[in-house]
Amino acid sequence: MKNTKSIFAVFMALSALFSVSSCKKDKLKGKGTVKLTFDSRAGNANFAYGTEYTNAAGEKLTFTKLQYYVSNFVLIKEDGSEYVVPQELTYRLIDEGVAGSEVITLPDIPAGEYTKVKFIVGVDSLRSTMDVSKRTGDLDPAGKAADMYWSWNSGYIFFKIEGTSPASTRTGNVFMYHIGGYGGYSTPTANNIRTITLTSPNAIEIGEGRAPEVHIYADILESLKTPTTISIANTAVVHMPMAATTFANNYADMFKIDHVHNE
Ligand SMILES: [Cu+2]
């Protein structure tokens, strides 16, 4: 029995070696798909609704809502050359309450080894001001975006977190941070779009017959700190673009590529 097992183990190890070396010999060619997974985290822990965390201000808090927009993906190779993903494919609302919304599959990427992923948190001003017929799917204000749209100033909420905290002085101990503002209103206001460029720890190998997965960590607690520590006791509610800039600066550094599965 032991012998059979070890022979099997040797066989598995050998076949793994062979598949690795044959992969390396394969030239990346044609076009391929890449999958980006936005995995919500709370510091070093997994993020979940109903779990109690402590923010940088030392306050206990529990989340009931997490939704944010990502869009305008660009894939960058080592030499700096870029592949800009067709814009209309890129608008995605990541909703902790909707399983699968955190996985973004981008098709038809020219083959190659990519080392950076660039995107924005939010919806660019051009798309924000387009006719509603050009804002479908995750951007439909009468559909999926209904909860992420300020009808009073024609703009999307880019990032929304809500929950409860004993530190909140609001009724029901609630906190709610609704961050938006694309900077293009008739009266000047904040531009809270943030461009994020992530460097991958290993090359993302894209090509025909491959489907690499880029596993991105989104540290939600980071949106409440660095550069500015948010205290729920001081600020329990934000829902105006001007007041939201602090948060936008905070969420600008909440993402990182933790690892890549090259398959
Ligand atoms: Cu992974």
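This text gives an overview of the structure that appears in the document. (Residues numbered from 1 in each chain as written. Predicted model: local features only at pLDDT ≥ 70, side-chain atom pairs only at ≥ 80, totals over all residues.)

We now examine the overall build of the protein. Within the protein, the regular secondary structure consists of three helices and 15 strands. For the protein, the residues scored as buried account for 33% of the 263 residues in total. Counting contacts in the protein only where the partners sit at least 6 residues apart, residues at least 24 apart contribute 76% of the total. (Helix = DSSP H or I, 4+ residues; strand = E, 2+ residues; numbered from the N terminus. Buried ≥ 20, exposed ≤ 12 C-beta atoms within 10 Å, placed from the backbone. Contact = placed C-beta atoms within 7 Å.)

This part is about the nonpolar core. With 55 residues, the main nonpolar core has Leu36, Tyr69, Tyr156, Phe158 and Ile179 as its most contacted residues. The element best represented in this core is strand 4 (residues 60–77), accounting for nine residues. Apart from the residues within four sequence positions on either side, isoleucine 179 is in contact with Ile157, Phe158, Phe159, Asn192, Val238, Ala244, Phe247 and Ala248. (Core = buried A, V, L, I, M, F, W, Y, C linked by C-beta atoms within 7 Å.)

Take valine 132: it is sitting in the loop between helix 2 (125–128) and strand 9 (149–150). Linking valine 132 and alanine 142, residues ten residues apart in sequence, is a C-alpha distance of 9.4 Å.

So, on to unusual backbone geometry. Along the chain, threonine 226 connects to proline 227 via a cis peptide bond; the corresponding omega equals 5 degrees. Mapped onto the secondary structure, proline 227 falls in the loop between strand 13 (213–219) and strand 14 (237–238). Phi is positive for asparagine 72, which is not a glycine, with a value near 55 degrees. Within the fold, asparagine 72 resides in strand 4. Here threonine 226 lies in the loop between strand 13 and strand 14.

This brings us to helix 3 (residues 241–251). By the burial criterion, the buried members of helix 3 are Pro241, Ala244, Phe247, Ala248, Asn250 and Tyr251. Axial view of helix 3: buried residues confined to an arc of 155 degrees, hence all on one face. Those residues of helix 3 that are buried lie in contact with strand 8 (112–121), strand 10 (155–164), strand 11 (174–180), strand 12 (194–206) and strand 14. (Arc of directions from axis to C-beta.)

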